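Chain and residue survey
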Amino acid sequence: MCESSHSEPISDVHGRPLGQLRLSVTDRCNLRCRYCMPEQNYEWLPHDDLLRYEEIADLVTIFTDAGVRKVRLTGGEPLLRRDLERLVRLLAANAHMEDIAMTTNGILLADAAERLREAGLGRVTVSLDTLRPERFLALTRRDLHRRVLEGIRAAMDAGFPPLKLDMVVMRGVNDDEILPMLDFARELRAELRFIEYMDVGGATHWSASEVVSRGEILERIERHHGGVEAIGGQGSAPAERFALPDGSTFGVIASVTAPFCRDCDRSRLTADGQWYLCLYAARGIDLRGPVRRGATREEITSLITAHWSARTDRGAEERRAARSRGPLIAIEALRQDPHLEMHTRGG
Ligand code: SAM
Ligand code: SF4
Ligand code: SF4
């Protein structure tokens, strides 16, 4: 595939442009977070199906020609994919690319931060749900809390812009750490984002009673810190941002109680080349097949354009409208199709 000229972004049925692309580079993970991978056993994607870095980078040039400007590396745990900096370098060589970010659990970050920064990674978000090592072990089934803290420190030393920290808040699990986590992030000059516990595929133990809503999170922060002020600039970003009276900022991602589908320009490519137009979509569009059959660039562009133009997805809003909510997908169905898992399609 060779480079072609850039045109205006295409829009879906609701006028949402094809914007950000999340690249899940692996479905494997070195943690077992209870809101994402609570089961004992998982079905993994066959190794031969995984796109090579060149295949990913070539596909991304088609996406950037169609309007994408930002990519986020995710997974599974993206740092489990070997030599990830090689992919970052290929993506950074794309002339249309404005932003390359990564979401990681931080376990392997201490070792990789500098290499990734040098390769052209622009921003890092680290997922961290607790400041307590014993709680981390209970939440993730791995005794690796210290490694995450070392990873955060290394990313700061490597010169990344202020980090983002993502915390999934679960009632009775870690909701007593809303304020301590906020203090921790402020000390690091990182921006903490509180995420509502979502009923995505993989969250097989989800229950509405464990969700701590955006409203409740804000109320608890206001009770302690005084009024918080909403600050603009959300755009198509999932986090609403707020400022504390001292000027420090934080975000809330209210996918359950206040979903933001109306502005959603995000799609996801799995490690084996399935393209999902929504986090909740039941099916993806196979891009690996055409790539490996030698489809022309124009053919793949047409496929992407046709599907995005017909996109109507508003998954989180539809879930909110559902009368009774439980786990989205039964474990038997997840075992039949690992693509339904959050750790496969990327958070
Ligand atoms: N392994 C990396 C990590 O944890 O940062 C990247 C992939 S992970 C699937 C991406 C994000 O999805 C993480 O911030 C994680 O907290 C979030 N996530 C996973 N399951 C979730 C759920 N049920 N509700 C809300 N967020 C979830
Ligand atoms: Fe946790 Fe991320 Fe792994 Fe899911 S993919 S189990 S959220 S570290
Ligand atoms: Fe976008 Fe789907 Fe998430 Fe709504 S549920 S914000 S449409 S990915």
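Structure: see above.
Residues numbered from 1 in each chain as written. Chains lettered and ligands numbered in written order. Predicted model: local features only at pLDDT ≥ 70, side-chain atom pairs only at ≥ 80, totals over all residues. Heavy atoms only, no water.

1. Quick word on the overall build of the protein
Scanning the protein from terminus to terminus reveals 12 helices and 12 strands. Taking the principal axes of its C-alpha atoms as reference, the protein extends roughly 60 × 50 × 40 Å. Out of the 347 residues in the protein, the part that is buried amounts to 57%. Restricting the contact set of the protein to residue pairs at least 6 apart, pairs at least 24 apart contribute 74%. If you sum the accessible surface of the protein, you get close to 14900 Å²; carbon and sulfur atoms cover 49% of it. Computed over 48 positive and 53 negative side-chain charges, the inter-centroid distance for the protein is 1 Å. (Helix = DSSP H or I, 4+ residues; strand = E, 2+ residues; numbered from the N terminus. Buried < 20%, exposed > 50% of the residue type's maximum accessible area, 1.4 Å probe, protein only. Contact = heavy atoms within 4.5 Å. Areas by Shrake-Rupley, 256 points an atom, 1.4 Å probe, with all protein chains shown as cover. Lys, Arg positive; Asp, Glu negative; His and termini not counted. Charge placed at Lys NZ, Arg CZ, Asp CG, Glu CD.)

2. Focus: helix H5 (residues 145–157)
Each turn of an α-helix holds 3.6 residues, which means side chains three or four residues apart point in the same direction. Compared with an ideal rise of 1.5 Å per residue, which puts 13 residues at 18 Å, H5 spans 19 Å between its outermost C-alpha atoms and is within 8% of the ideal. When we look at burial in H5, the residues that qualify are His145, Val148, Gly151, Ile152, Ala154 and Ala155. Against helix H3 (109–119), strand S4 (123–127), helix H4 (133–140), strand S5 (164–169) and helix H6 (178–188) lie the buried residues of H5. Gly159 sits one or two residues past H5 and shows a positive phi near 90 degrees. (Expected span 1.5 Å × (residues − 1).)

3. Observations regarding the site of ligand 1
Inspection of the region around ligand 1 gives 20 residues, with Tyr35, Gly76, Thr104, Ser127 and Met198 positioned closest. Taking Ser127, its side chain carries an N or O atom lying 2.5 Å from an oxygen atom of ligand 1. Residue Met198 places a main-chain N or O atom 2.9 Å away from a nitrogen atom belonging to ligand 1. If ligand 1 stood free it would expose 540 Å²; the protein chains cover 95% of that surface. Among the secondary structure elements, those contributing two or more residues to the shell around ligand 1 are strand S3 (99–104), S5 and strand S6 (191–196). Split by residue class, the shell around ligand 1 holds 9 nonpolar, 8 polar and 3 charged. (Near = heavy atom within 4 Å. Polar contact = N/O pair within 3.5 Å; in protein donor to acceptor, adjacent residues only side chain to side chain. Nonpolar A, V, L, I, M, F, W, Y, C, P; charged D, E, K, R; others polar.)

4. A closer look at the environment of Thr305
Inspection of the secondary structure assignment puts Thr305 in helix H9 (residues 297–309). Judged by its relative accessible area of 25%, Thr305 is partly exposed. Taking the C-alpha atoms as reference points, Thr305 and Asp12, separated by 293 residues in sequence, lie 9.1 Å from one another. At 2.7 Å, the side chain of Thr305 and the backbone oxygen of Thr301 are in polar contact.

5. Topic: the site of ligand 3
Around ligand 3, a shell composed of Phe260, Cys261, Cys264, Arg266, Arg268, Cys278, Leu279, Tyr280, Arg311, Asp313, Gly315 and Ala316 is seen. For the shell around ligand 3, the secondary structure elements donating two or more residues are strand S10 (266–269) and helix H10 (315–321). For the shell around ligand 3, the per-class residue count stands at 7 nonpolar, 1 polar and 4 charged.

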